[in-house]
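Coordinate analysis (summary)
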Amino acid sequence: MMFKGKVLLALFTNVFDGVASLFADTTKKKPKEIFSHWRGLEDKSAVDETMRWIEWIVSHTLLRTAESNPQGLDEFWLKQGAALLLTLMQSSQEDVQERSATGLATFVVIDDENASIDCGRAEAVMREGGIRLLLDLANSWREGLQSEAAKAIANLSVNADVAKTVADEGGIRILAGLAKSMNRLVAEEAAGGLWNLSVGEEHKSAIAEAGGVKALVDLIFRWPNGSDGVLAARALANLAAHGDTNNNNAAVGQEAGALEALVQLTQSPHEGVRQEAAGALWNLSFDDKNREFIAAAGGVEALVTLAQSCSNASTGLQERAAGALWGLSVSEANSIAIGREGGVPPLIALARSEAEDVHETAAGALWNLAFNPGNALRIVEEGGVPALVHLCSSSASKMARFMAALALAYMFDGRMDEYALMIGTSSSASTSKTISLDGARRMAFKHIEVFVTTFMDPQIFVAAAVTSTPTILSQVTERACILEAGHLRCSGAEIGRFVTMLRNPSSILKACAAFALVQFTVPGGRHAMHHASLMQSGGEARVLRSAAAAANMPREAKIFVKIIIRNLEHHQAESSL
């Protein structure tokens, strides 16, 4: 817009057209190319001072506008704001370049706290070739420009399409290189970029191959007392996610110093760092070797200490602390160590949490711990039976209820009683920390029975007792199935214990064991084939057939056993294809 030989540049005008009007002959030039046209002139004297001032003032204005993020500017950003920032990033003025990169990093973010970005704005940057420009700037020798470019790449990479472009353009290698910087700000922004890229399964291997894992681990050690470790730990947690389906899980654990660094971070003064470190250790513990390496690096003691100290912490930290102990306790040696180090009381406290995610992970950890009779007795002595009973009967999470019931079944299948007698604790003994084992057993059995019954339809069970047709058994399975239980992976010893429980004198434990084995073998479960293979190789099918025919087997357990046999036959047929 022009007024008596003057040009008005504003958010409501076309800035490119206005700047183009300053040049005598622009008939052959597109307005968006006017800045590059000026930069390529042999004789700039007529407009050079003006154009340099325009670059400076427009970059300043755009940055301030992006920071304040006023409403109603979407059209401006999409039509010319993004293009202006990208054009100004190519300026010869260093401060203009840095301001423009900062503006680009800022204007795409709509919720900084939740890392939400405007996808339309991010895609506008991508369409204008902005990713290549940012990566080129990130390769600059100037650290200020490196950090701002890395920040922009990190924010834009929240968008999956942008993340793919960043990876395709070689951005992972560039960010991994910047994460090694001795400049703290540069390294932190690069770690943020690797964190966002690590969300995508398709980028994890590339990050590891580019040396990203080592760079993140080194970053943790370089500034151990700062809050910067949160981004490195978060990225490592993402890289290790998805357990045994992700090769990077093992790769992260094998990186020299990675597990030690994460264990160290659980003691950070910053809660966010402790939370991400615990989350990373939880993910890493899905790998058998990592589990033992974490323990060797002091992970058991560190995570028990963390669990003991997080009674008033955020639910996110509580969930991850309990989850990491749950993951480590898959190993019985670790489980025993967790009990010995004082892990039972804080896990019971977390099992009492109102937050579903917290008490579910705590229930999982207590289930693993209860496999060991010494830990089972500790759980009774520390008041864990009422906590597990409450979960078993009241949690909104089927998984929490299921694992609480299994923990109680482990505790009262007879092994704990034998252990208690061996160490001199009788069922009538009473101290400040113990209760009658008989009373605890009655309480546990009552709620285990109620739990299993809630997954039964009386009419279908009556029909199934008369005729076990495939249709009837499918209806029982459909009513009984807990879909999330398909993600649980049991060892041969655990499966064997449930099979042995089918011979227990208690009809309640027989039904509970049969119910559990249905969950672990139902077709479609993530580890169902694994469990079926364990049972086949262990000769458990013979025990199951005997149980199905036993006169003293309760009706519910018999029907569940028939379903288990059917599941095993299904998996055997599948494996032979």
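You'll find the structure just up there.
Here's a quick rundown of the structure. (Residues numbered from 1 in each chain as written. Predicted model: local features only at pLDDT ≥ 70, side-chain atom pairs only at ≥ 80, totals over all residues. Heavy atoms only, no water.)

**Details of the overall build of the protein**
When helices and strands are tallied, the protein shows 35 helices and four strands. Radius of gyration (C-alpha) of the protein: 31 Å, far over the 25 Å computed for a compact globule of 577 residues. By the burial criterion, 55% of the 577 residues in the protein qualify as buried. (Helix = DSSP H or I, 4+ residues; strand = E, 2+ residues; numbered from the N terminus. Rg over C-alpha atoms; globule rule 2.2 N^0.38 Å. Buried < 20%, exposed > 50% of the residue type's maximum accessible area, 1.4 Å probe, protein only.)

**Side note on the packing of aromatic side chains**
With the rule as written, the count across this model stands at 16 aromatic pairs. Consider the rings of F402 and F515, whose centres lie 6.0 Å apart with planes at 75 degrees: the pair is edge-to-face. Here the residue F402 occupies a position in helix α26 (residues 398-411), and F515 occupies one in helix α32 (residues 507-521), the gap between them amounting to 113 residues. In this pair, the class of F402 matches that of F515, namely buried. Relative to F498, the ring of Y410 lies with its centre 5.4 Å away and its plane at 25 degrees, an arrangement referred to as stacked. With Y410 in helix α26 and F498 in helix α31 (residues 492-501), the pair connects residues that are 88 residues apart, well separated along the chain. The class of F498 is buried, set by a relative accessible area of 0%. Through a chain of ring-to-ring contacts, three or more aromatic side chains come together here, namely W367, F371, F402, Y410, F451, F455, F461, F498, F515, F520 and F560. Note that R234 overlies the ring of W195, its terminal NZ or CZ placed 4.4 Å from the centroid. Here R497 stacks its cationic end above the ring of F371, 4.8 Å away from the centre of that ring. (Phe/Tyr/Trp six-rings, centres within 6.5 Å; stacked < 30°, edge-to-face > 60°. Lys NZ or Arg CZ within 6 Å of the ring centre and 35° of its normal.)

**Here we look at helix α10 (residues 171-178)**
Extensive coverage of α10 is indicated by the burial of six of its eight residues. Buried residues of α10: G171, I172, I174, L175, A176 and L178, and no others. Summarising the contacts, the buried residues of α10 are in contact with α7 (130-138), α8 (143-156), α9 (160-168), α11 (184-197), α12 (201-209) and α13 (212-222). (Contact = heavy atoms within 4.5 Å.)

**Re the environment of M51**
Inspection of the secondary structure assignment puts M51 in helix α3 (residues 48-68). Expressed as a C-alpha distance, the spacing of M51 and V19, which sit 32 residues apart in the sequence, is 8.3 Å. If we skip the residues at most four places from it in the chain, M51 touches V19, L22, F23, F35 and W38.

**Structural notes on the nonpolar core**
In this structure, W367, F402, M411, F412, F498, F520 and F560 are the most contacted members of the largest nonpolar core, which totals 200 residues. Beyond its immediate sequence surroundings of up to four residues, F498 is in contact with W367, L406, Y410, A513, A516, L517 and F520. (Core = buried A, V, L, I, M, F, W, Y, C linked by side-chain atoms within 4.5 Å.)

**A closer look at the side chain of E148**
In this structure, E148 sits in helix α8. Comment: no salt bridge for buried E148; closest opposite-charge side chain is K151, at 5.1 Å. Looking at E148, its side chain comes within polar contact range of the side chain of T102, at 2.7 Å. In contact with E148, not counting residues within four places along its chain, are E98, A101 and T102. (Lys, Arg positive; Asp, Glu negative; His and termini not counted. Salt bridge = Lys/Arg side-chain N within 4 Å of Asp/Glu carboxyl O. Polar contact = N/O pair within 3.5 Å; in protein donor to acceptor, adjacent residues only side chain to side chain.)

**Remarks on unusual backbone geometry**
Positive phi outside glycine occurs at N69, with the angle close to 50 degrees. Inspection of the secondary structure puts N69 in the loop between α3 and α4 (74-88). Residue classification places N69 among the partly exposed positions, given a relative accessible area of 28%.

**Things to note about the packing of helix α30 (residues 470-480) against helix α35 (residues 555-575)**
Where α30 contacts α35, the axes come no closer than 10 Å and their chain directions differ by 100 degrees. Relative to α35, α30 is oriented roughly perpendicular. Contact residues: α30 offers P470, L473, S474, V476, T477 and A480, while α35 offers I559, F560, K562, I563 and R566. Per-class residue counts for the contact of α30 with α35 are seven nonpolar, two polar and two charged. (Axes fitted to C-alpha atoms, helices over the stretch in contact; angles between N-to-C directions. Parallel < 35°, antiparallel > 145°, perpendicular 65-115°, else oblique. Nonpolar A, V, L, I, M, F, W, Y, C, P; charged D, E, K, R; others polar.)

**Some thoughts on α30**
Residue pairs three or four apart in sequence face the same way in an α-helix, which turns once every 3.6 residues. Taken together, the buried positions of α30 are I472, L473, V476, T477 and A480. Projection of α30 onto a plane perpendicular to its axis shows the buried side chains occupying an angular sector of 140 degrees, all on one side. Away from its buried face by more than 90 degrees, α30 exposes P470, T471 and E478. On the buried face of α30, the contacting elements are α29 (458-466), α32 and α35. (Arc of directions from axis to C-beta.)

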